[in-house]
Amino acid sequence: MSGRGDAIVIRGRPFHGPAAKSRRSDGRLTTALIFLPPALLLFTIFVVMPIGEAAWFSGFNWNGFGRPTRWIGLDNYRFVFDSRGFGIAFRNNLLIIAVSLLIQLPLALALALTLAERFRGAVLLRMLFFLPYVLAEVATGLIFSFIYDGDYGLLASIFRSFGAEAPHLLASTQTSMLAILIVIVWKYFGFHMMLFIAALQSMDPNLVEAARIDGASRWQVLRHVVIPLLYPTIRLSVFFAVIGSLQLFDLVMPLTRGGPADSSNTMVSFLYNNGISRMRVGFGSAIGVILFVICVTFAVTYKRWFMRDE
Amino acid sequence: MRFVTRLALAAAGLTLAAGAAAAQTTVRWLHIEQNPAQVKIWEDVVRRFQEKNPGVKVEMQYLENEAYKAKVPTLLQSRDRPHIMYSWAGGVLKAQVEAGALADITAGVGSFKDNLAPGAVQAFVVGGKLYGLPYNVSQVGFMYNKDLFAKAGVDGTAIKSWDDFLAAVKKIKAAGITPIAVGGQDKWPLHFYWTHLAVRLGGKPAFEAALKGEGGGFEGETFQKSGELMKQLVDLEPFQNGFLGFKNQQALGYFGDGKAAMNLAISHHSATQRALAADKKGVPEDKLGWFDFPVPAGAKGNPSDTLGGVNGWLVTEGAPKEAVEFIKFFVSDEVQRELAKQNFIIPVFKGSDAALSAPFMQNVAKNIAASGYHQNFYDQDLGPSVGRVVNDATAEIAGGSMTPKQAAKAIQDAYKQGN
């Protein structure tokens, strides 16, 4: 957001003399003084203060009742890093990011390339693939917990029709994460597909045509014309996918609650299970602060390195 | 919405202007009961209370068990907190009292409390003050399906020792029947095994010593041994397939559907399994057996010791005095008998247990009355910060991802970290 403001100033410079510039910045200052306070106030109350509060709570051994009184310094952070569960949760988050980037986005891109064309049923198929994204996360989780049910679920009947015993995917430490990853890909690929379709449709068809006339093969067109033109959208998609993966919580709870034995916790569900359910608000706040630092670091570096032009 | 508010204000204004005596008092009552048959009786109790006390409205609110536990700390800080809410007493109650979230109702209840079982009332006393009233006590034990036991050739009434129990599990499994249904995802149904073994092995002295940190605390001999015995059971693979993915409600339904022979249950689950079975009938009364938790060799606890819960109602700070009146009515002889007649509860009102109609519940009531040491559920008694770790660690013993030793250490570490 701030990047855009800078760009205007830089681009504007050669066209205005010094006098014009100062008049303009005066106007900008007034505008800022009038329009900034309400936004700044809201931002402070709903973003800055809660984060500050969490940081403050993370220094206490506190169960959430009354006011915090027992100051223990950085001990909560030590407890977080010492716990086996947080390590697993962190690894799971990395796994989700990897699957989102390596499976979900290519899948979304492939489908987008097919469905951006105009043919009968394209709109219907787009709608169909987008549908999972519209479903509420908790509802999705519940639906899949029925599908995965090893006794009565859809998966069980499929296995049974082949004469095999159905696995209880959600009940084993080896498969619980796999089950969740499948749901994640199923639920969110449609969203990325839509982003890609929008980008493809706003692309200038003359460029593709020109490349075809120059004798480029379909693959070469895709590789050297279409995908480079999609870069801004891909970068945005990656950004959404990573941040979404880091915040994943509401799919995990109805499916496994992070279990068995912490095997399918994400950092946020780990926060909930250990901070809120155990009423250790200080400990939970420490996880929250760690998560916040990870997200902000990612967002800032990513924006600086990959999204500088937008 | 605004229109409704305005209308309400106008109505309130009119009432005041008319000087009508019947000002509305609303009592918000938050419960976690999931059995519709029992809730129906409660609704009727509310109706009768409202008839007797014109101008008082009791509003019933419901939250699911796990959701309730997670929401309470936040809820208590809100201005819209319920006036009456569910409690298992124990460490959570103590934390709530320390935070000043609850109302001292010693005076409001007065001598009424002498009508109730003193042990159960005592669970709601913190620092000499009364904060709530019990309405139900329960015992943890094995309920079993008599038909399935007969099919496997096992006599449930003959299971006394831990070895008897393990032998029975083996025999049932050999007969091709799932021995035990358990809600492993909820974890607390698994913690009953470890906890009850500790109650059997060490009795009250071991628990009190652990609280003081003596003899290695929860890492001490009694608790390690509990884990090892639990491991003996787990190694027989006695639970239904995928038990770590089952919630307790599903497991009770599974038992109710006759798909497993046993369930380590809280006594009132004998009614719940019926509501949760696919046919809503479950295992009928005459097919439902009960045996007390088996006694391992070398146990120091008294065989009559019980593990179980005390359930009651707390009154929150700032609640209208009608809230106390309502819970007094709720645990009156009349209502207690009504609930006992349907076998939903083991009543706490002295003499109300005569109304229990099922031999199953009569037996449980007798056990609790004869018990010299009734241990409250660990996950409630130790408070959430330690209790949840007991749940997690014992579920990991069941899942094979922790050794009994690691589990005991995890619990002791949590206890030392405290909260």
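Because the structure is predicted, anything quoted here is derived from the model rather than measured. (Residues numbered from 1 in each chain as written. Chains lettered and ligands numbered in written order. Predicted model: local features only at pLDDT ≥ 70, side-chain atom pairs only at ≥ 80, totals over all residues.)

1. As for the overall build of chain A
When its secondary structure is counted, chain A shows 13 helices and 0 strands. Walking chain A from its N terminus toward its C terminus, one meets helices and strands in the order α-α-α-α-α-α-α-α-α-α-α-α-α. Overall, chain A is about 70 × 60 × 30 Å in size when its C-alpha atoms are taken along their principal axes. Within chain A, the fraction of its 310 residues that count as buried is 31%. (Helix = DSSP H or I, 4+ residues; strand = E, 2+ residues; numbered from the N terminus. Buried ≥ 20, exposed ≤ 12 C-beta atoms within 10 Å, placed from the backbone.)

2. A word on the overall build of chain B
Regarding its fold elements, chain B presents 18 helices and 13 strands. Of all 419 residues assigned to chain B, the portion counted as buried reaches 52%.

3. Section: the nonpolar core
Counting residues in hydrophobic clusters, the biggest one holds 177 residues, and the most contacted among them are Phe196 of chain A together with Ile84, Val315, Ile327, Val331 and Ile411 of chain B. Counting residues per element, this core draws most heavily on helix H8 (residues 176-201) of chain A, at 12 residues. Discounting residues that sit within four places of it in the chain, Val315 of chain B has contacts with His83, Ile84, Leu102, Ala103, Ile105, Gly132, Ala323, Val324 and Ile327 of chain B. In this structure, Phe57, Phe60, Met279 and Val281 of chain A belong to the second largest nonpolar core, which totals 5 residues. (Core = buried A, V, L, I, M, F, W, Y, C linked by C-beta atoms within 7 Å. Contact = placed C-beta atoms within 7 Å.)

4. Here's the deal with the packing of helix H12 (residues 267-276) of chain A against helix H13 (residues 281-306) of chain A
All names here are of chain A. Contact pair H12 / H13: the axes reach a minimum separation of 7 Å and the direction vectors enclose 165°. In this view, H12 runs roughly antiparallel relative to H13, as classed from their interaxial angle. Relative to H13, H12 is oriented so that their crossing is left-handed. Contact residues: Met267, Val268, Phe270, Leu271, Asn274, Gly275 and Ile276 in H12; Val281, Phe283, Gly284, Ile287, Gly288 and Leu291 in H13. (Axes fitted to C-alpha atoms, helices over the stretch in contact; angles between N-to-C directions. Parallel < 35°, antiparallel > 145°, perpendicular 65-115°, else oblique. Left-handed = near helix turned anticlockwise from the far one by under 90°.)

5. Description of unusual backbone geometry
Phi angles above zero are rare outside glycine, and Ala261 of chain A is one such case at about 50°. With respect to the helices and strands, the residue Ala261 of chain A is situated in the loop between helix H11 (252-255) and H12.

6. A short note on the sheet that holds strand E7 (residues 140-145) of chain B
All names here are of chain B. Pairing is mixed in the open sheet, where 4 strands are placed in the order E8-E9-E7-E10. The open sheet terminates on both sides in strands that have one partner only, identified here as strand E8 (178-180) and strand E10 (288-291). Taking each pair of neighbouring strands and ignoring which way they run, the sheet shows an average axis angle of 25°. Two elements, E7 and strand E9 (residues 260-266), share 5 bridges in a ladder whose sense is antiparallel. Bridging from a neighbouring strand, Val140 pairs with Ile266 of E9. (Pairing = 2+ DSSP bridges.)

7. Comments concerning the sheet that holds strand E1 (residues 25-31) of chain B
Residues and elements named next belong to chain B. Strand order in the open sheet formed by 5 strands is E2-E1-E3-E12-E6, with mixed pairing between adjacent strands. The open sheet has two edge strands with one neighbour each: strand E2 (56-62) and strand E6 (132-137). When strand polarity is set aside, the average angle formed by the axes of neighbouring strands in this sheet is 20°. Relative to strand E3 (residues 84-87), E1 is paired through 2 bridges, and the arrangement is parallel. Residue pairing across strands places Trp29 opposite Ile84, the latter belonging to E3.

8. Examining the pairing of E2 of chain B
Residues and elements named next belong to chain B. Sheet topology places E1 next to E2; 7 bridges connect them, and they run parallel. Paired with His31 across the strands is Tyr62, a residue of E2. One crossover worth recording links E1 to the parallel E2 by way of helix H2 (residues 36-52), and it is right-handed. (Right-handed = clockwise from strand over helix to strand, strands pointing away.)

9. Description of the packing of H8 of chain A against helix H10 (residues 218-246) of chain A
Residues and elements named next belong to chain A. Relative to each other, H8 and H10 sit at 160°, their axes nearing to 9 Å. Put simply, H8 runs roughly antiparallel to H10. In the packing of H8 onto H10, the handedness of the crossing is right-handed. Contacts between H8 and H10 involve Tyr188, His192, Leu195, Phe196 and Ala199 from the former and Leu230, Thr233, Leu236, Ser237 and Gly244 from the latter.

10. Details of the environment of Val137 of chain B
Residue and element names in this part refer to chain B. Along the chain, Val137 falls in strand E6. The class for Val137 is buried, based on 28 C-beta atoms found within 10 Å. On a C-alpha basis, the gap between Val137 and Ser304 in space is 16 Å, while along the polypeptide they are 167 residues apart. Aside from chain neighbours lying at most four places away, what touches Val137 is Ala120, Gly308, Val310, Ile346, Val348 and Ile368.

11. Side note on H10 of chain A
Residues and elements named next belong to chain A. Compared with the 42 Å implied by 1.5 Å per residue over 29 residues, the 36 Å span of H10 between its first and last C-alpha is markedly short. If you look at H10, its biggest bend is around 55°, right at Tyr231, and the proline Pro232 turns up within four residues after that. What H10 keeps buried is the set Leu230, Thr233, Ser237, Ala241 and Ser245. In this structure, the buried residues of H10 make contact with helix H4 (84-115) and H8. (Expected span 1.5 Å × (residues − 1). Bend = angle between axes of the 7 residues up to and from the residue.)

12. Observations regarding the environment of Ile143 of chain A
Residue and element names in this part refer to chain A. Within the secondary structure, Ile143 is located in helix H6 (residues 137-148). What makes Ile143 partly exposed here is the crowd of 15 C-beta atoms within 10 Å. With 111 residues separating them along the chain, Ile143 and Pro254 place their C-alpha atoms 9.2 Å apart.

13. Examining the confidence of the model for chain B
Residue and element names in this part refer to chain B. On average, residues of chain B score 87 in pLDDT, and 94% of them reach the 70 mark or higher. Model confidence for chain B, summarised as mean pLDDT per element, is weakest for helix H1 (residues 2-18) at 51 and strongest for E8 at 95. Of the two predicted TM-score estimates for the complex, the pTM is 0.80 and the ipTM is 0.73. (pLDDT = per-residue confidence, 0-100.)

14. Description of the confidence of the model for chain A
For chain A, mean pLDDT is 85; residues scoring 70 or higher make up 91% of the total. Note that residues 1-18 of chain A has pLDDT below 50 and, in this model, 2 contacts with residues that lie over four places away or in other chains.

15. Side note on the environment of Phe35 of chain A
Residues and elements named next belong to chain A. When you line up the elements, Phe35 lands in helix H2 (residues 18-57). Accessibility expressed as a C-beta count within 10 Å gives 10 for Phe35, which makes it exposed. Along the backbone, Phe35 and Ser202 are 167 residues apart, and their C-alpha atoms lie at a distance of 33 Å.

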